[in-house]
Amino acid sequence: MMPLFAVICRDKPGALQTRLETREAHLAYIEATGIVRMAGPLIEGGEMRGSLIILEADDLASAHDWAANDPYKAAGLFDSVEAIEWKKVIG
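Here the structure is a predicted model, which means the values were calculated and not measured.

Engineer: What exactly am I supposed to notice about the overall build of the chain here?
Structural biologist: Within the chain, the regular secondary structure consists of three helices and four strands. By the compact-globule yardstick of 12 Å for 91 residues, the chain fits well, its C-alpha radius of gyration being 13 Å. Its C-alpha atoms put the chain at 40 × 25 × 20 Å along the principal axes. Sorting the 91 residues of the chain into buried and exposed places 33% on the buried side.

Here is the structure:
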């Protein structure tokens, strides 16, 4: 099994419309790349304001590359993106 990486993205303030308009392309990218093991939006104040994505990738550089090519990134949605190796312990 390849290592897992958590990609933690925080949206720019007031960018919910950008997220909604780009969501279909983002989900298609997830399906096409085939390395996402879990994913979902971060919720603040009842509104989607970021993403948590767990990738199975060769290395940290591959996780960064995946994040850099996400349609959300291309749309300018994110204020910050962090990728870090993650170890699944429970679940």
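Engineer: Got a minute to help me understand the packing of aromatic side chains in this structure?
Structural biologist: Each aromatic ring pair is specified by the distance between its two centres and by the angle formed by the two planes. Under the defined criterion, the tally for this structure stands at two aromatic pairs. Ring geometry for Y29 against W66: centres 4.9 Å apart, planes inclined by 35 degrees, an arrangement best described as tilted. Residue Y29 is found in helix α1 (residues 16–33), and its partner W66 is found in helix α2 (residues 60–68); the two are separated by 37 residues along the sequence. Grouping residues by exposure puts Y29 and W66 together as buried. Relative to F78, the ring of Y72 lies with its centre 5.9 Å away and its plane at 90 degrees, an arrangement referred to as edge-to-face.

Engineer: It is not clear to me how the confidence of the model for the chain should be interpreted in this structure. Could you clarify?
Structural biologist: Fine structural detail should not be taken from predicted coordinates in areas where pLDDT scores are low. Overall, the prediction assigns the chain a mean pLDDT of 96, with 100% of residues at 70 or greater. In the model of the chain, strand β2 (residues 36–44) stands out as the element of lowest mean pLDDT, 96, in contrast to strand β1 (residues 4–11), which has the highest, 98.

Engineer: Would you take a moment to explain the sheet that holds β1 for this structure?
Structural biologist: Backbone-to-backbone hydrogen bonds pair the strands of a sheet. The strands run either parallel or antiparallel. Taken together, four strands build an open sheet; the order of strands is β2-β3-β1-β4 and the sheet is antiparallel. The open sheet has two edge strands with one neighbour each: β2 and β4 (78–86). Taken pair by pair, the neighbouring strands of this sheet meet at an average axis angle of 15 degrees, ignoring direction. In the packing of α1 onto the sheet, contacts are made with β1, β2, β3 (47–56) and β4, and the angle to β3 comes to roughly 20 degrees.

Conventions and cut-offs
- Residues numbered from 1 in each chain as written.
- Predicted model: local features only at pLDDT ≥ 70, side-chain atom pairs only at ≥ 80, totals over all residues.
- Heavy atoms only, no water.
- Helix = DSSP H or I, 4+ residues; strand = E, 2+ residues; numbered from the N terminus.
- Rg over C-alpha atoms; globule rule 2.2 N^0.38 Å.
- Buried < 20%, exposed > 50% of the residue type's maximum accessible area, 1.4 Å probe, protein only.
- Phe/Tyr/Trp six-rings, centres within 6.5 Å; stacked < 30°, edge-to-face > 60°.
- pLDDT = per-residue confidence, 0-100.
- Pairing = 2+ DSSP bridges.
- Axes fitted to C-alpha atoms, helices over the stretch in contact; angles between N-to-C directions.
- Contact = heavy atoms within 4.5 Å.

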